[in-house]
Structures are given as C-alpha cells and as structure tokens.
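So you can see what is in the structure, the chains are spelled out below.
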Amino acid sequence: MPVVGMVGGGQLARMTQQAAIGLGAQLRVLAASPQDSAARVCADVRIGEHTSLEDLRGFVKGCVVVTFDHEHVPPAFIRALEEDGTACRPGSAALLHAQDKLVMRERLSAAGAPCPRFAAIPADTALAALEAFGRETGWPVVLKATRGGYDGKGLWILPDAGPATAELVDRLVDEGVALMAEEHVPFRRELAALVARSPYGQGAAYPVVETVQRDGICHEVIAPAPGLDDDLAAEAQRLALDIAARLDVVGLLAVELFETEDGVLVNELAMRPHNSGHWTIEGSRTSQFEQHLRAVLNLPLGSTEPTARYTVMANVLGGDDPDLYPRYIHVMAHDPAVKVHFYGKDVRPGRKIGHVTAMGDDLDEVLERARHAAEYLRSGPAMKETR
Ligand code: ADP
C-alpha cells in the first residue's frame, strides 16, 4: 500500500489515521513532538519541524504523496519539495490561497467569486490606507494579518480610526505583520461548503453546513444548514467545486462563507480536513478524513450521502478541571447515541480537546443533546447552559 505523508501531528492527522486504518492505507506523520495528538496514535511518526526544509526532505522520502494537517509550512519549502519531484497535494500554488488571505482575495475576486470588499494595507502607509478604506466601506473595519491567523487570532475588528487603532496598527507594522482590511460583513450566519477533488478531476460535495463561532473559535456545526434555500445551497456547492477546479486543489477544500441578505460571500479557504467537516465521521457515508485520503491518492471518491436527517457537532473545549474522566462516563451513560471524540491533548482552558456528535430527525433535540454533552464534558453540572 502507498505511504501518504501528512505534515503536522494535530487532531486532523489523528483522525486521518483513523480513516487510513479502514482504507488500509499507510499514513506517516511529521510531528513536532511524540506528545502531539496524531503522534500518540500513528505507527509511523517522524519527529521534526515543518519549518525546516531538511526535516521535510527527510520526511517525504518513501511517501508517494505528501499532504498537510495545517497551513503553516512555508510556501517556498513546498515549492522546493515539488522541485525535488515530491507530489504535494494540494500543491504549493493552490495551497498559497489558504495560506495568504490577500492572495486568496485577489485571485477569487478576479475570478468573479463573491467576496467582501477588501484592500491591501501597505506597511509604509498603513494608517492612511486603513482610513481611506474605512471612508469607503464605513466602520467598523476588519483588519487581518494576511498570513498565520487561526481561530480568530490575527483578526481585529476596528470601530474607527481613533488612537487605539493607530496604536495597534503601529505595533503590528513594527512587528512586521503583513496586513489587509475587509469590510465588516453584516452576515445572517456563517456557512461552510466542503468539497473534495482528485488529481483525475473527480469532485464530490458535502451538504452545506451552518457553523457557529464563539470568540473566533468554531463552536458547533449543523448539517445540513437548517432552512437554507435549496438554490443557495446548490450555488454554494458549485462555488466551492469551481474554486477547487480553478485553483487546482487536490484533496479537500473547505470554503467558509457568510450568508447575507444577497446570497453568500467567501470568507476563507482551507485545503485539508476542516472542523466544519468533523460531523461527516458519523453523519456521512464517507468521512472527510477518508475522502481526503482518497482524493490525494487519486482513488475514486466516496459517497457524501448523509446518514441522518440532522447531524450536530459541538467542539469540546478544555475547562478549569482537567480531570474529565468522570464527566466522560456521565456523558456516555446519559446519552449512549452521542459519539464522543477526544484528541489525546492535555486539558487547558479554552483549548479544543475533542468534539461530540449527535444525530436525529428533530433538530432542536439533536442540538440539545450535542450541546449538553459538550458543555458537560467541559465543566460538568455546575456550569449553566449558556444558550
Ligand atoms: P481565522 O483565520 O482566524 O479563522 P477568519 O478570517 O476565518 O479567521 O475569521 C474568523 C471569524 O471572524 C469568522 O468566522 C467571522 O466570524 C469573523 N469575520 C472574519 N472576517 C469578517 C468580516 N469581513 N466581517 C465580519 N466578520 C468577519
């Protein structure tokens, strides 16, 4: 069986390992430490840094294809691997659009994909550029680091061009953070369209989901997005498949979307298994992790047919009490149909340590079950339901 290399040892690689077992594929993971989430479960782990070309070159030897559990490998290193003859899927040219928000905005808007208004914020005229953009779109304005942001880090919502903004912008420019601005989109809700594309050109689309963020972190995902207009759902799937083909993405592509009064706008792209697709482990015939492996191995893609009317995934964040085992037992006893996933990570407040999935016909009931399990795992009965 061919060896697939995955750079990064986080929970996405861990859950990809789970899918690789079923497929009989061999996964090799490049992890920073033996304690990494995936390093704890993979048989073939190499310890090294994704920021070292030497480590990457050593890692890829013997892999038929290399893929990624995160976006943080420097683009020049992926290009160097490609020049060595390594098949990187997605390739460096595609992946750049998931690594650099400004490159992505420029490319997608040139291709006619619906995007929020945006502007580059050059370091030497940052505040003036931001003020000019704010005059054009109105405030608040969303300031973003073009690279390296995740879970809401690297994003600032600025109410005006006052002294606090000037101070922040000065600091970021001094730190060498490349910046861009976006209009603050008054969205109704956030959606995600997940698709897969193989080198052969086969595409597969999952049902469009609703994602709920809290403090910049994905909190829960409802599949399919309730009440979403059929035409808009089909348009979002087409948009995602079209972006995948246009950028020559191989593997998964998650397109994060804003639903507005006038349709959808693209927020950002991820080219790997995505938090908005964890529900597919139980909620779809083919999990996103299996689909990613099938796509990067150029195998026929699997069916994306849902297995339940509604599937809700809720992330489990670490709470103040790291001893969650008693709560784990309670959640399983309370609702044997809720599926609990843990990532083998140490519990720290606010850290994503796992997720739960509930399925059924009655959305309110399914939501309640998933929320109860996630909240209870975090903090037990003392914590009141916050929603
Ligand atoms: P990250 O790279 O940290 O995931 P995102 O660009 O996805 O950052 O933004 C994180 C969250 O911030 C989004 O899910 C959304 O809730 C909010 N957000 C991002 N861009 C905008 C925008 N232009 N207008 C309004 N809200 C935004």
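Residues numbered from 1 in each chain as written. Predicted model: local features only at pLDDT ≥ 70, side-chain atom pairs only at ≥ 80, totals over all residues. Heavy atoms only, no water.

Go over the UniProt feature "domain: ATP-grasp" (unreviewed entry) in the protein chain, please, and point to the residues and values.
In the numbering adopted here, UniProt assigns the feature "domain: ATP-grasp" (unreviewed entry) to residues 105-297. With 31% helix and 32% strand, the stretch residues 105-297 has end C-alpha atoms that lie 29 Å from each other. (UniProt positions renumbered as here; feature names shortened; annotations may be inferred. Helix = DSSP H or I, 4+ residues; strand = E, 2+ residues; numbered from the N terminus.)

Describe the sheet that holds strand β4 (residues 65-68), naming the residues involved and giving the relevant values.
Reading across from one edge, β3-β2-β1-β4 is the order of the four strands in this open sheet, with parallel pairing throughout. Edge positions in the sheet fall to β3 (44-47) and β4, since each has one partner strand and no second. When the angles between neighbouring strand axes are averaged without regard to direction, this sheet yields 25°. Pairing between strand β2 (residues 26-31) and β3: four bridges, direction parallel. Within β3, the position partnered with valine 29 by the bridge is valine 45. (Pairing = 2+ DSSP bridges. Axes fitted to C-alpha atoms, helices over the stretch in contact; angles between N-to-C directions.)

Any details on the packing of aromatic side chains? Residues and values, ideally.
Considering all chains together, one arrives at four aromatic pairs under this definition. Taking 6.4 Å as the distance between ring centres and 80° as the angle between the ring planes, the aromatic pair formed by tyrosine 206 and tryptophan 279 counts as edge-to-face. Here the residue tyrosine 206 occupies a position in the loop between β10 (203-205) and β11 (209-214), and tryptophan 279 occupies one in the loop between β14 (263-270) and α9 (280-283), the gap between them amounting to 73 residues. Tryptophan 279 matches tyrosine 206 in its accessibility class, with the two residues each being buried. Ring geometry for tyrosine 325 and tyrosine 328: centres 5.3 Å apart, planes at 25°, overall stacked. Of this pair, tyrosine 325 and tyrosine 328 both sit in helix α11 (residues 325-334), separated by three residues, roughly a single helical turn. (Phe/Tyr/Trp six-rings, centres within 6.5 Å; stacked < 30°, edge-to-face > 60°. Buried < 20%, exposed > 50% of the residue type's maximum accessible area, 1.4 Å probe, protein only.)

Before we move on, could you go through the packing of helix α4 (residues 92-99) against helix α5 (residues 101-110) and cite the residues and values that matter?
Packed helix pairs are specified by the crossing angle of their axes together with the interaxial distance, meaning the distance between the axes. Packing of α4 against α5 brings their axes to within 6 Å, and their N-to-C directions diverge by 110°. It follows that α4 is roughly perpendicular to α5 by the angle criterion. On the side of α4, the interface is formed by Leu96, His97 and Gln99, while α5 contributes Lys101, Val103, Met104 and Arg107. Its residues assigned to classes, the contact of α4 with α5 comprises three nonpolar, two polar and two charged. (Parallel < 35°, antiparallel > 145°, perpendicular 65-115°, else oblique. Contact = heavy atoms within 4.5 Å. Nonpolar A, V, L, I, M, F, W, Y, C, P; charged D, E, K, R; others polar.)

Report on the layout of surface pockets, specifying residues and quantitative values.
To find leftover empty space, a probe the size of one water molecule is rolled over the atoms. Put simply, the second largest pocket is a space of about 210 Å³. Around the second largest pocket sit Arg214, Asp215, Ile217, Cys218, His219, Asn315, Leu317, Ala374, Glu375 and Arg378, which together line it. If you list the elements that add at least two residues to the lining of the second largest pocket, you get β12 (217-223), β15 (310-317) and α12 (363-379). Broken down by class, the residue content of the lining of the second largest pocket amounts to four nonpolar, two polar and four charged. (1 Å grid on protein atoms, 1.4 Å probe; cavity = no way out; pocket = protein on both sides within 12 Å on 5 of 7 lines; lining within 4 Å. Points joined across faces, edges and corners; volume = space filled by probe spheres on them.)

Any chance you could break down the nonpolar core for me, citing the residues and the numbers?
Residues Ile243, Leu253, Leu257, Val266, Leu269 and Met271 are the most contacted members of the largest nonpolar core, which totals 45 residues. Ranked by residue count, the leading element in this core is helix α8 (residues 230-246), at seven residues. Other than its neighbours up to four places away in sequence, leucine 269 contacts His97, Ala98, Met104, Leu108, Ile243, Leu247, Leu253, Ala254 and Val255. Of all hydrophobic cores here, the second largest spans 20 residues; its members include Leu12, Met15, Ala19 and Ala31. (Core = buried A, V, L, I, M, F, W, Y, C linked by side-chain atoms within 4.5 Å.)

Pulling in residues and values, what's your account of helix α10 (residues 288-296)?
Extensive coverage of α10 is indicated by the burial of eight of its nine residues. Positive phi appears at asparagine 298, one or two residues downstream of α10, with a value of about 60°.

Explain the packing of helix α1 (residues 11-23) against α10 to me, using residue names and the numbers behind them.
Where α1 meets α10, the axes come as close as 8 Å, and the angle between the chain directions of the two elements is 70°. Judged by the inter-axis angle, α1 sits roughly perpendicular to α10. Seen from α1, the contacting residues are Leu12, Met15, Thr16, Ala19, Ala20 and Leu23; seen from α10, they are Phe289, Glu290 and Leu293.

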